[in-house]
Amino acid sequence: MTELASARDVRARAALAIGVVVTLAVFVVGLAWAKWTPYAAKALEARQTHHWPGSNILIAGGVRPGDGPSWHAATTFFHAYLASIWPALVVALLMSASVQALVPRTWLPRLLNRRRVLSSALAGAVASTPSMMCTCCTAPVAITLRRNGVDRAASVAYWLGNPLLNPAVLVFLLFVAPWQWTLTRLLVGTAAVVGAAVAVGLLTRPHGTGPSASDTAPARDSEAPARRFVGALLRLCLILLPEYAVIVLALGALRGWLLAGTRLPHHGLLIVVLAAIVGTLIVIPTAGEIPILQSLALLGVSSGTIGALLVTLPAVSVPGAVMVARGLGWKATTTAAAAVVAAGLLGAAVLSLV
């Protein structure tokens, strides 16, 4: 019996080691393919040309401010958006499935959960910087963190930190935009990530730190690791992707109305508040805010409006909020969105001053 138990322990440890290695390989190889290598090339090009080659995704298909909803507007936006983000989305799904199926559930809470809400928020923010995903692509990973027992503060910081603290976007801004944009994004983006995470942590603390492993998935001992991985990946795809597609199509169809604000006077508090709200709703790919803001600057839009959009455009979004609400809850998700709107107003003030 002792020899049998010892053999089982050896097999279990070997399976654990293989699972962790596979998860790390998915993380490193996947992000190198989808993010690190392409972004390094873009950064070198931006440094040489001081020009951003991307186009404004909000006008894809020839949609103009004030245009009514249409299937053409929906599909052209969906195609342009999907073409930009599909590699990151694939990697995010694989990362999420790997963590769910192959990594011990106690590891991530030990790494990210802290006694103080602020410390958890900072841990989640730091953990977010290598993956550099947009708010929708990082949503499956944020959901997985939460379901594995990571507290809401760290999960929210990871979700928002991906787009707002993306080091590649900061480098892009430094090379192709005024330095004031980079400074505003860094300072206010950090405040938005940490502030939103702390607000969510304090507001939801009485409800506990996270669901138990038994509440989130079948017992791991009953299934082989490969089967667990496939099952987790299928669940993510079947649940998240359809609602994601529907919401992105709807936003694409309505973007003419959402862009109608550009016809309003370019200065004043009302347009800044409107920009902060609309920017929080719209979904864009990573660095998609750069051509949008450059186009608005050429139209003479105020620094306040640009500052608000600089913070809110990459963060939250309706599709991202709908997806993470499944793991975080609507109370936490709406709190994070409200904090991002407030950060957008702060961004407007900071950029207007610098």
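Keep in mind it's a predicted model, so treat the numbers as computed, not measured.

Participant: Sorry if this is basic, but what is going on with the overall build of the chain here?
Facilitator: Scanning the chain from N- to C-terminus turns up 15 helices and zero strands. Against the globule reference of 20 Å for 354 residues, the chain gives a C-alpha radius of gyration of 21 Å, in line with a compact fold. By principal-axis analysis of the C-alpha atoms, the chain measures approximately 80 × 40 × 40 Å. The burial tally for the chain puts 52% of its 354 residues in the buried class. A separation threshold of at least 6 residues defines the contact pool for the chain, and within that pool the share at least 24 residues apart is 88%. Approximately 15900 Å² of the chain is accessible, and the part contributed by carbon and sulfur atoms is 70%.

Participant: Whenever I open this one, empty space enclosed by the protein confuses me. Can you help?
Facilitator: It is the rolling of a water-molecule-sized probe over the atoms that shows where space remains empty. A complete count under the given rule lists two cavities of 30 Å³ or more for this structure. Around the largest cavity, the lining residues are M133, C134, P163, N166, V169, R185, I284, P285, T286, A287, E289 and P314. The wall of the second largest cavity is formed by L58, F77, L251, R255, L258, I282 and V283. Residue contributions to the lining of the second largest cavity peak at three residues, all from helix α10 (residues 225-258). Across the lining of the second largest cavity, the residue classes break down as six nonpolar, no polar and one charged.

Participant: Please explain the packing of aromatic side chains as it appears in this structure.
Facilitator: The geometry of an aromatic ring pair is captured by the separation of the ring centres together with the interplanar angle, meaning the angle of the planes. Counted according to the given criterion, the structure contains six aromatic pairs. For the ring pair F27 and W36, a centre distance of 6.3 Å and an interplane angle of 75 degrees mean the geometry is edge-to-face. Judged by relative accessible area, F27 falls into the partly exposed class, the value being 25%. We classify W36 as partly exposed; its relative accessible area is 30%. Plain terms: the ring middles of Y81 and Y244 are 6.4 Å apart, the flat faces sit at 70 degrees to each other, and that makes the pair edge-to-face. Taken together, the residues Y81 in helix α2 (residues 71-102) and Y244 in helix α10 connect sequence positions 163 residues apart. One exposure class covers both Y81 and Y244, and it is buried.

Participant: How should I be thinking about the side chain of S131 in this particular structure?
Facilitator: Mapped onto the secondary structure, S131 falls in the loop between α4 (117-128) and α5 (139-147). On the basis of relative accessible area, S131 is assigned to the buried category, the value being 1%. Reaching out from S131, the side chain makes a polar contact with the side chain of Y158 at a distance of 3.2 Å.

What counts and how
- Residues numbered from 1 in each chain as written.
- Predicted model: local features only at pLDDT ≥ 70, side-chain atom pairs only at ≥ 80, totals over all residues.
- Heavy atoms only, no water.
- Helix = DSSP H or I, 4+ residues; strand = E, 2+ residues; numbered from the N terminus.
- Rg over C-alpha atoms; globule rule 2.2 N^0.38 Å.
- Buried < 20%, exposed > 50% of the residue type's maximum accessible area, 1.4 Å probe, protein only.
- Contact = heavy atoms within 4.5 Å.
- Areas by Shrake-Rupley, 256 points an atom, 1.4 Å probe, with all protein chains shown as cover.
- 1 Å grid on protein atoms, 1.4 Å probe; cavity = no way out; pocket = protein on both sides within 12 Å on 5 of 7 lines; lining within 4 Å.
- Points joined across faces, edges and corners; volume = space filled by probe spheres on them.
- Nonpolar A, V, L, I, M, F, W, Y, C, P; charged D, E, K, R; others polar.
- Phe/Tyr/Trp six-rings, centres within 6.5 Å; stacked < 30°, edge-to-face > 60°.
- Polar contact = N/O pair within 3.5 Å; in protein donor to acceptor, adjacent residues only side chain to side chain.

These figures capture arrangement, not role.
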